[in-house]
Amino acid sequence: MYPSCAKRTAGFTLVELLVVLAILGLLAGLAGPQVMKFLGSSKTKTARLQIEDLVATLDLYRLETERYPTGEEGLEALVTKPGNATNWNGLYLKKGDVPKDPWGFEYQYKFPGEHEGVDVWILGADNREGARAKTRT
């Protein structure tokens with residue numbers, strides 16, 4: 001005998017599964033680029049905040065030692081006492097090391113800067129010279 005319609009097994013048909021997969025694919029295609037754009041801009045904002053913090057720390061260093069670190073000493077002078085620095089009062093960065101930028105590269109430092117003060121900047125995701133995220137002189 002043939003099974004009756006009332007005893008039909010529960011489940012999804014192949015067509016129903018394909019429709020759901022197509023909808024999910026469309027949503028991922030529309031939302032994916034927006035999520036990637038958001039992540040990229042958040043890294044840039046993080047770098048700007050870290051640069052502002054480094055510049056403020058360099059200003060504190062200058063107040064105590066009466067000078068900015070030289071170009072050769074670089075940002076390492078904030079965590080390791082340079083040989084000729086007077087009034088150096090210990091670690092100027094809380095974690096004891098110079099942070100990396102959000103892409104894992106070193107922050108760039110120049111003294112004297114383009115005008116009078118110091119320049120601190122990043123090279124970006126490709127770690128090559130180009131547009132600077134933030135420069136402070």
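Every value quoted in this text rests on a predicted model; they were computed, and no experiment measured them. (Residues numbered from 1 in each chain as written. Predicted model: local features only at pLDDT ≥ 70, side-chain atom pairs only at ≥ 80, totals over all residues. Heavy atoms only, no water.)

J.: In this structure, what is going on with the overall build of the protein chain? I would like to understand it.
T.: Looking only at helices and strands, the protein chain has one helix and two strands in total. Listed N to C, the secondary structure of the protein chain is α-β-β in terms of helices and strands. Burial statistics for the protein chain: of 137 residues in total, 26% are counted as buried. Looking at the protein chain alone, contacts between residues at least 24 apart form 36% of all its contacts between residues at least 6 apart. With the model as given, the accessible surface of the protein chain reaches about 9,900 Å², and the carbon-plus-sulfur share is 60%. (Helix = DSSP H or I, 4+ residues; strand = E, 2+ residues; numbered from the N terminus. Buried < 20%, exposed > 50% of the residue type's maximum accessible area, 1.4 Å probe, protein only. Contact = heavy atoms within 4.5 Å. Areas by Shrake-Rupley, 256 points an atom, 1.4 Å probe, with all protein chains shown as cover.)

J.: What is the right way to look at the confidence of the model for the protein chain in this model?
T.: Where the model shows low pLDDT, its predicted coordinates should not be examined in detail. When pLDDT is averaged across the protein chain, the result is 83; 85% of the residues are at 70 or more. Taking the mean pLDDT of every element in the protein chain, the minimum, 87, falls on helix α1 (residues 14–65) and the maximum, 93, on strand β1 (residues 108–110). Between residues 132–137, whose pLDDT stays under 50, and residues either more than four places distant or in other chains, the model counts 25 contacts. (pLDDT = per-residue confidence, 0-100.)

J.: Whenever I open this one, the environment of A47 confuses me. Can you help?
T.: Tracing the chain through its elements places A47 in helix α1. We classify A47 as buried; its relative accessible area is 0%. Between the alpha carbons of A47 and I122 there is a distance of 7.7 Å; along the sequence they are 75 residues apart. If sequence neighbours within four positions are ignored, A47 has contacts with P102, Y107 and I122.

J.: For this particular structure, what's the right way to read the pattern of salt bridges?
T.: A pair can form between side chains of opposite charge whenever their charged atoms are brought close. Summed over all chains, the structure comprises three salt bridges. Salt-bridge contacts for E73 lead to R67; the nearest nitrogen and oxygen are separated by 3.0 Å. We note a salt bridge from D126 to R128, for which the minimum N-O separation is 3.9 Å. The class of D126 is partly exposed, set by a relative accessible area of 46%. A relative accessible area of 57% means that R128 is categorised as exposed. (Salt bridge = Lys/Arg side-chain N within 4 Å of Asp/Glu carboxyl O.)

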